[in-house]
Amino acid sequence: MTVTLRSATGDDLMAVGALHQRSRVAAYSAFLPVEALADPTPEAMGRYWVERWRWEQDTHRMTVAERAGVLVGFSHLGPDDEDDPATGLLNAIHLDPREQGRGVGRALMVDALDAMRARGWQRAVLWVLRDNAHARSFYERGGWTPTGAEREEHIGLAPTLQLRYGRPL
């Protein structure tokens, strides 16, 4: 079955949150302790996206991927977090774990890059967990390269190192 991409609506956000949590657990469990991934719950992650949508829907874009009417992935993008007006930030690409390797992530990335070009941005950036070798490889195959910038964030109580990647549009 073919995957369909469309703009998210407010009605999608609780399902996006549940998918986001499943994706995080599957992607990060190889290098983060289970306690760090236990919270937020899928429902709490949905509420997070509902609240974030309230504040960002005019400046950000969320795209959902569906297969046979079922949400299987999403992307989220917006302005650069370092206020460079020529740069867009790919905040997230998350997939249902069963969709890994089926082309959904690639379709979401191509769509996000096209949307960034349409907004007039000349460069795209993102943050990826240093220890997430699968995601880093995915982005590198898509033309992204490390910029040298790093930051530490917490997932639960676990500190994680994130690397900034960039690419021209």
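This text follows the structure it describes.
Residues numbered from 1 in each chain as written. Predicted model: local features only at pLDDT ≥ 70, side-chain atom pairs only at ≥ 80, totals over all residues. Heavy atoms only, no water.

Asker: Help me out: how do you make sense of the pairing of strand β2 (residues 61-67) in this one?
Answerer: Of all the 7 residues making up β2, 6 are buried; the element is thus mostly covered by neighbouring parts of the structure. The pairing of strand β1 (residues 3-7) with β2 spans 5 bridges and is antiparallel. The residue bridging Ser 7 from the neighbouring strand is Thr 63, located in β2. One ladder, built from 7 bridges, connects β2 with strand β3 (residues 70-79); its direction is antiparallel. (Buried < 20%, exposed > 50% of the residue type's maximum accessible area, 1.4 Å probe, protein only. Helix = DSSP H or I, 4+ residues; strand = E, 2+ residues; numbered from the N terminus. Pairing = 2+ DSSP bridges.)

Asker: Explanation requested: the nonpolar core in the structure shown.
Answerer: Generally speaking, nonpolar side chains in soluble globular proteins are found buried as a group. Core analysis: the largest hydrophobic core is formed by 23 residues, its most contacted members being Leu 90, Tyr 139 and Trp 144. Every element with two or more residues in this core is listed here: β3, β4 (87-95), α4 (104-118), β5 (123-129), α5 (133-141) and β7 (158-168). Filtering out sequence-adjacent residues up to four positions away, Tyr 139 remains in contact with Leu 90, Ile 93, Met 109, Leu 126, Val 128, Trp 144 and Tyr 165. By size, the runner-up hydrophobic cluster in this structure holds 11 residues, among which are Leu 13, Met 62, Val 64 and Ala 92. (Core = buried A, V, L, I, M, F, W, Y, C linked by side-chain atoms within 4.5 Å. Contact = heavy atoms within 4.5 Å.)

Asker: I keep staring at the pairing of β5 and nothing clicks. Help me out?
Answerer: Consecutive residues of a regular strand have side chains that alternate between opposite faces of the sheet. For β5, a buried count of 6 out of 7 residues is recorded, marking the element as mostly surrounded by other parts of the structure. The pairing of β4 with β5 spans 3 bridges and is parallel. By the bridge assignment for β5, Thr 87 is matched with Arg 123. With α4 bridging β4 and the parallel β5, this β-α-β connection has right-handed handedness. When β5 meets β7, the two strands line up antiparallel, connected through 7 bridges. Bridge pairing links Val 125 to Gly 166 in β7. (Right-handed = clockwise from strand over helix to strand, strands pointing away.)

Asker: Explanation requested: unusual backbone geometry in the structure shown.
Answerer: Trans peptide bonds make up most of the peptide bonds, and negative phi angles are found at most residues other than glycine. Of the consecutive residues Asp 39 and Pro 40, the connecting peptide bond is found in the cis state with omega at 10°. Residue placement: Pro 40 occurs in the loop between α2 (34-37) and α3 (42-56).

Asker: What is the right way to look at the packing of helix α1 (residues 13-28) against α3 in this model?
Answerer: Their axes nearest at 7 Å, the elements α1 and α3 cross at an angle of 125°. Here α3 runs oblique to α1, going by the angle between their axes. The two elements α1 and α3 cross, and the hand of that crossing is right-handed. The residues of α3 that touch α1, namely those facing Leu 13, Met 14, Val 16, Gly 17, Ala 18, His 20, Gln 21 and Arg 24, are Pro 42, Glu 43, Met 45, Gly 46, Arg 47, Trp 49, Val 50 and Trp 53. (Axes fitted to C-alpha atoms, helices over the stretch in contact; angles between N-to-C directions. Parallel < 35°, antiparallel > 145°, perpendicular 65-115°, else oblique. Left-handed = near helix turned anticlockwise from the far one by under 90°.)

Asker: Mind showing me how you'd approach α5 here?
Answerer: Ala 135, Phe 138 and Tyr 139 are the residues of α5 that are buried. With its buried residues spanning 95° around the axis, α5 presents them on a single face. Structural note: α5 exposes Ala 133 and Arg 141 on the side pointing more than 90 degrees away from its buried face. For α5, the elements touching its buried residues are β4, α4, β5 and β7. Backbone geometry just downstream of α5 places Gly 143 in the positive-phi region, at approximately 95°. (Arc of directions from axis to C-beta.)

Asker: What should I look at first to understand the side chain of Thr 63 in this one?
Answerer: Looking at where Thr 63 falls in the secondary structure, it is placed in strand β2. Within the structure, the side chain of Thr 63 is placed 3.2 Å from the side chain of Asp 111, a separation counted as a polar contact. Discounting residues that sit within four places of it in the chain, Thr 63 has contacts with Leu 5, Arg 6, Ala 8, Gly 73, Phe 74, Ser 75, Leu 108 and Asp 111. (Polar contact = N/O pair within 3.5 Å; in protein donor to acceptor, adjacent residues only side chain to side chain.)

Asker: Sorry, what's going on with the environment of Glu 153 here?
Answerer: Positionally, Glu 153 belongs in strand β6 (residues 145-155). The partly exposed category is assigned to Glu 153, whose relative accessible area is 35%. Distance in space between the C-alpha atoms of Glu 153 and Leu 129 is 9.3 Å, their sequence separation being 24 residues. In this structure Glu 153 touches Ala 158, Pro 159, Thr 160 and Gln 162, once residues within four positions along its chain are discounted.

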